[in-house]
Amino acid sequence: MFWSIVLSSFVLMVAIIAIGQGLYEVISRHTSASPGMPSEDE
Amino acid sequence: MSQYGILIAVLIYEAVTILGIGWWIARRSRQSSAEKDSFTHGGHGLPLPAVSLTMALTVLGAVHVLGVFEMTWFMGASVIWFGIAHVILLTIVCLATGRWVRRLKLSTVPQFLEDAYGLETRLLVSCVMAGAMFGFLTLESQGLGILFNAMTGWDIRAGGVVGGLLGVAYVIFAGMREVSWLNVINAILLYIALLAAVAYVAFALPGDGYQTAAQYYKDNDLDFMISIWGTPEILLTFAIPMTIAVVFSQATNQMLLQTAMSAKTEKTIVRSLWIAAPVNGMFAVFAAVLALATKSWPEFNQLNEKVATSTMLVQVLPPWLAAALLASFVGVILSSFAMVSLAASTLFSTDIFKRLYKPDATEKDVTRMTRICIVLLGVGATLLAMNMPQILKGVNWLLAWLVPIFWLFVFGLFWKRNQSVAITALLSAWILNSLWSFTPLPSAVGMANVHNAYITLFVSGGVMIVGNLFVDGAKGIMKPTVQLANK
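What counts as what
Residues numbered from 1 in each chain as written. Chains lettered and ligands numbered in written order. Predicted model: local features only at pLDDT ≥ 70, side-chain atom pairs only at ≥ 80, totals over all residues. Helix = DSSP H or I, 4+ residues; strand = E, 2+ residues; numbered from the N terminus. Buried ≥ 20, exposed ≤ 12 C-beta atoms within 10 Å, placed from the backbone. Rg over C-alpha atoms; globule rule 2.2 N^0.38 Å. Contact = placed C-beta atoms within 7 Å. Core = buried A, V, L, I, M, F, W, Y, C linked by C-beta atoms within 7 Å. Axes fitted to C-alpha atoms, helices over the stretch in contact; angles between N-to-C directions. Parallel < 35°, antiparallel > 145°, perpendicular 65-115°, else oblique. Left-handed = near helix turned anticlockwise from the far one by under 90°. Nonpolar A, V, L, I, M, F, W, Y, C, P; charged D, E, K, R; others polar. Expected span 1.5 Å × (residues − 1). pLDDT = per-residue confidence, 0-100.

### Concerning the overall build of chain A
When its secondary structure is counted, chain A shows one helix and one strand. Within chain A, the fraction of its 42 residues that count as buried is 14%.

Right, dumping it as structure tokens:
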């Protein structure tokens, strides 16, 4: 029972991170820098 | 090993790691001491492990360690939402605000506010942010004293003073590099000790371990305590307000963004997400499991919720494991103490000392001033902590001060910039925050249970939106152009 708390929390946290990462990919693909916006460094 | 034996072992561990790593890093960074922001930002060259674990531990401090054990007693596994709120926060920082400050090559958040709005906004935010961080420092110092007391019986004030000294030493020798590498060691110790404690308690619990513990909650009609979804009431009154307060107040806070500013590249910050968020978030999960086990244990069930779990850990775990666990808890609180004092000192040395009084200051001058501030803040916070301010109320009030900065930051980057609107938003939110805490205003308007962060969030957001709609301003610094979907 206690392991289900650990597992469900972990799955929820991974899902939040994955959704955030997905949104980040989508937003960066559909936006481009304005002239004043510095470019991403490497 | 007696409780004092555990205490001595913990103090030796902290002293050896702090002095050893501090000396080693200080020696290695001597050649690069003239490099820009070497002390305060590690020369903007921190690698992935240092960035990710420093982010994770900066927002894992006294409230996590002490608060989760205590709150679990009443709300059960729903307390894990405190960890989930921090996962959302770290996701936003690693993918958005942290990347933006690194891309703009900033040294402080208020530095951006001068570029976006003007010098007055920079100074106003710098002073308030440093003041709020001094408040956090006081609470961390008190938290160290309480932790020592709960696990070893040592006097709270003596523990706070020794904790304050260790906290200053955690950062004073080599600044950001020292903090970040100590954090790597402490994060590893934390997870080894925490997982070992959870496993050991499984065998030590009466009956079938955690199975029997879960049965206790079912037999007592407390099923909601063993689910992270708890009750709708807990979700509405705890999970959502907690997430809003944590996310909006910390996403643009210097103490978290200073690590992002110190990263080697923007990609380092993005990759850090998959380490920083789980390391921070899962702490609350394992802490809640330990507290739930304690509550189900007849021997510890009658104890006060503030000390029950720590008492169980000290009495049940073998002394070496109790010592390792306490050392790791002290380590994570020290890491927050060090990062908060470094961030507040950086604000003073960069935004006040260099910007206003000595524009031609060398890297050595700035480092010296930062070190002086770290010592003064550490001593001041430790002395103030002896008055034992209330931790939870203090955190609520302090977090609410930082919330309006989020709007200034996001609107200044992506929408519109007008200094008068920005300052009006800041002042109205800050005045209302103080009225909300120190006068009967909340009860008078029938909103006694409304968190300060909500008030500052909606007031400052409202002023910024209305102001930007009706007052002219410059275009946001990073205002993106949206591409057509079929392009």
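From this point, the narrative continues.
### Focus: the overall build of chain B
Assigned secondary structure in chain B consists of 21 helices and three strands. For 487 residues, the compact-globule estimate of 2.2 N^0.38 gives 23 Å, and the C-alpha radius of gyration of chain B, at 22 Å, lies within 12% of that figure. With the C-alpha coordinates of chain B rotated into their principal frame, the extents come out at 70 × 55 × 55 Å. Put simply, chain B has 487 residues, and 56% of those count as buried. At a minimum sequence separation of 6, the contacts of chain B that also span at least 24 residues come to 85%.

### Section: the nonpolar core
Residue and element names in this part refer to chain B. Judged by nonpolar contacts, the single largest core of 182 residues is most densely connected at Leu147 and Ala288. By residue number, the principal contributor to this core is helix α16 (residues 319–357), which donates 21 residues. Not counting residues within four places of it along the chain, the set of residues in contact with Ala288 comprises Val68, Thr72, Ala77, Val79 and Ile80.

### Some details on unusual backbone geometry
Residue and element names in this part refer to chain B. A positive phi is found at His44, a non-glycine position, where the angle reads about 55°. In this fold, His44 is placed in the loop between α2 (38–41) and α3 (48–58). Not every positive phi belongs to a glycine, and Lys105 is a case in point at roughly 55°. Position of Lys105 relative to the elements: it lies in the loop between α5 (81–103) and α6 (109–116).

### Points about the packing of helix α7 (residues 119–152) of chain B against helix α8 (residues 156–172) of chain B
All names here are of chain B. Put simply, α7 and α8 touch, their axes get as near as 7 Å, and they point 125° apart. Here α7 lies oblique to α8, going by the angle between them. Here α7 runs over α8; the crossing is right-handed. In this structure, α7 uses Ser141, Gln142, Leu144, Gly145, Ile146, Phe148 and Asn149 to contact α8, whose residues at the interface are Ile156, Arg157, Gly159, Gly160, Gly163 and Gly164. Each residue belonging to the contact of α7 with α8 can be placed in one class, and the counts come to four nonpolar, eight polar and one charged.

### Remarks on the environment of Trp401(B)
All names here are of chain B. Within the element layout of this structure, Trp401 appears in helix α18 (residues 391–414). Overall, the presence of 24 C-beta atoms within 10 Å leaves Trp401 in the buried class. Distance in space between the C-alpha atoms of Trp401 and Phe329 is 27 Å, their sequence separation being 72 residues. Beyond its immediate chain neighbours, meaning those up to four positions away, Trp401 contacts Val128, Ala132, Trp430 and Asn433.

### Digging into the environment of Ala213(B)
Tracing the chain through its elements places Ala213(B) in helix α10 (residues 210–219). C-beta crowding within 10 Å serves as the criterion here: with 24 such atoms nearby, Ala213(B) is assigned to the buried category. Taking the C-alpha atoms as reference points, Ala213(B) and Ser296(B), separated by 83 residues in sequence, lie 5.3 Å from one another. In contact with Ala213(B), not counting residues within four places along its chain, are Phe2(A), Leu205(B), Leu292(B), Ala293(B) and Ser296(B).

### Some remarks on helix α21 (residues 452–470) of chain B
Residue pairs spaced three or four apart in an α-helix point in one direction, given the helix's 3.6 residues per turn. Here α21(B) is 19 residues long and its end C-alpha atoms lie 27 Å apart, about the 27 Å a rise of 1.5 Å per residue gives. Of the residues making up α21(B), those classed as buried are Asn452(B), Ala453(B), Ile455(B), Thr456(B), Leu457(B), Ser460(B), Val463(B), Met464(B) and Asn468(B).

### Brief notes about the environment of Ala293(B)
Residue and element names in this part refer to chain B. Tracing the backbone through its elements, the reader meets Ala293 in helix α13 (residues 266–296). Counting along the chain gives 154 residues from Ala293 to Met447, while the straight-line C-alpha distance between them is 36 Å. Leave out the neighbours within four places in its chain, and Ala293 touches Val201, Leu205, Tyr210 and Ala213.

### Details of the confidence of the model for chain B
Residues and elements named next belong to chain B. Across chain B, the average pLDDT comes to 90, with 96% of residues at or above 70. With pLDDT under 50 throughout, residues 483–487 is counted as low confidence; its partners more than four residues away or in other chains account for three contacts. Model confidence for the complex: the whole-complex pTM is 0.92, and ipTM, which rates the interface, is 0.88.

### Describing the packing of helix α11 (residues 232–250) of chain B against α21(B)
Residues and elements named next belong to chain B. Axis separation between α11 and α21 bottoms out at 9 Å; the angle between their running directions is 55°. Between α11 and α21, the angle is such that the two are oblique. The element α11 and its partner α21 pack so that their crossing is left-handed. Of the residues in α21, those touching α11 at Pro241, Ile244, Ala245, Phe248 and Ser249 are Ala453, Tyr454 and Leu457. Of the residues assigned to the contact of α11 with α21, the class counts are seven nonpolar, one polar and no charged.

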